[in-house]
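# Geometric and topological summary
So the chains spell out like this:
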Amino acid sequence: MKKIILILFFLLIQNISFGQEEGNSATIIFNDNTTIKGFGEIKKNKIYFKLTLDEKPDVWSYDIVKGIIFSGYGYSEKHEYIKPDKYSKPILMEVIEEGNVNLYRKNSLSFSPSFDANGGGSFNSTFHNNSVISGNTHYEVSTIFYVKKLNEEYATDIVFSFKARANRYFSDCEIIIKKLKDRTFNSENIPQMVTYYNNFCYEGEN
């Protein structure tokens, strides 16, 4: 059981900062863009931050804080509070690409009952891609990518209905539309598509 929990934990945090471990070097970014260096972690969409390892962390949220950068041993990873739509509160997302179009990533863990071919529970633990079946429960880690232009207030889930949304969102770049049509760009290589747009398509304010 302990092994399964460890596997699930790895799945959930893969491509997410090891910097979320308690005591990792971090820089907190306030809404006025001032920063302070210290040690931090992320728990349940809140930032826990302290100036020294031996003190109790303060808890920060989007009302005062813009985000946090984890760093160490040549590694750096940034998380920012982003509104996914006008109805939701800001969510901490990992920053994957910054440019005229910013790309963010949000991972989530879901679970559902799993049954064998005979209708009974499946009690063997199996691991495949981003999912684990343990006992009679199927655990799945899903990744959602969000895009947000500099002049936009809300981010757009680019994974949901990918082809339609990507064609609409990048309609100002003819070559990306062509690459979407011939499937050079698809839902499996969203980061490359956004990087391409920032490097070759954007030519100034729209």
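Preceding this paragraph is the structure being described.
First things first, this report covers the structure right here in the doc. (Residues numbered from 1 in each chain as written. Predicted model: local features only at pLDDT ≥ 70, side-chain atom pairs only at ≥ 80, totals over all residues. Heavy atoms only, no water.)

### Notes on the environment of Ile-64
Rule in force here: Strands are runs of DSSP state E lasting at least 2 residues, helices are runs of H or I lasting at least 4, and numbering of each runs from the N terminus. Working definition: with a 1.4 Å probe on protein chains only, accessible area under 20% of the residue-type maximum means buried, over 50% means exposed, and in between means partly exposed. Residue contacts are counted whenever heavy atoms from the two residues lie within 4.5 Å of one another.
Within the secondary structure layout, Ile-64 lies in the loop between strand E4 (58–60) and strand E5 (65–72). Ile-64 sits in the partly exposed class, given a relative accessible area of 41%. Counting along the chain gives 35 residues from Ile-64 to Ile-29, while the straight-line C-alpha distance between them is 9.1 Å. For Ile-64, the residues in contact, after removing those within four places along its chain, are Phe-30 and Asn-31.

### Brief notes about the side chain of Asn-102
Which entries qualify depends on this criterion: Two N or O atoms count as a polar contact when they lie within 3.5 Å, although within protein this holds only if one can serve as hydrogen donor and the other as acceptor, and sequence-adjacent residues are included solely when both atoms are side-chain atoms.
Tracing the backbone through its elements, the reader meets Asn-102 in strand E8 (residues 101–113). Only 2.9 Å separates the side chain of Asn-102 from the backbone nitrogen of Gly-99, close enough to count as a polar contact. Not counting chain neighbours up to four residues away, the residues in contact with Asn-102 comprise Glu-97, Tyr-146, Val-147 and Lys-148.

### Considering the packing of helix H3 (residues 174–181) against helix H4 (residues 190–201)
Under the convention used in this document: Lines fitted to C-alpha atoms define the axes, with helix axes restricted to the stretch in contact, and inter-axis angles between N-to-C directions lie between 0 and 180 degrees. Here is the rule for angles: anything less than 35 degrees is roughly parallel, anything more than 145 is roughly antiparallel, 65 through 115 is roughly perpendicular, and the remaining ranges are oblique. By definition, any crossing whose near helix is turned counterclockwise from its far helix by less than a right angle is left-handed, and any crossing with a clockwise turn is right-handed. Each residue gets one label: Ala, Val, Leu, Ile, Met, Phe, Trp, Tyr, Cys and Pro are nonpolar, Asp, Glu, Lys and Arg are charged, and the others, such as Gly, are polar.
Running from N to C, H3 and H4 cross one another at 150°; their axes reach a closest spacing of 10 Å. With respect to H4, the element H3 is oriented roughly antiparallel. Between H3 and H4 lies a crossing whose hand is right-handed. Seen from H3, the contacting residues are Ile-175, Ile-176, Lys-179 and Leu-180; seen from H4, they are Met-193, Tyr-196, Tyr-197 and Cys-201. In the contact of H3 with H4, the residues fall into seven nonpolar, no polar and one charged.

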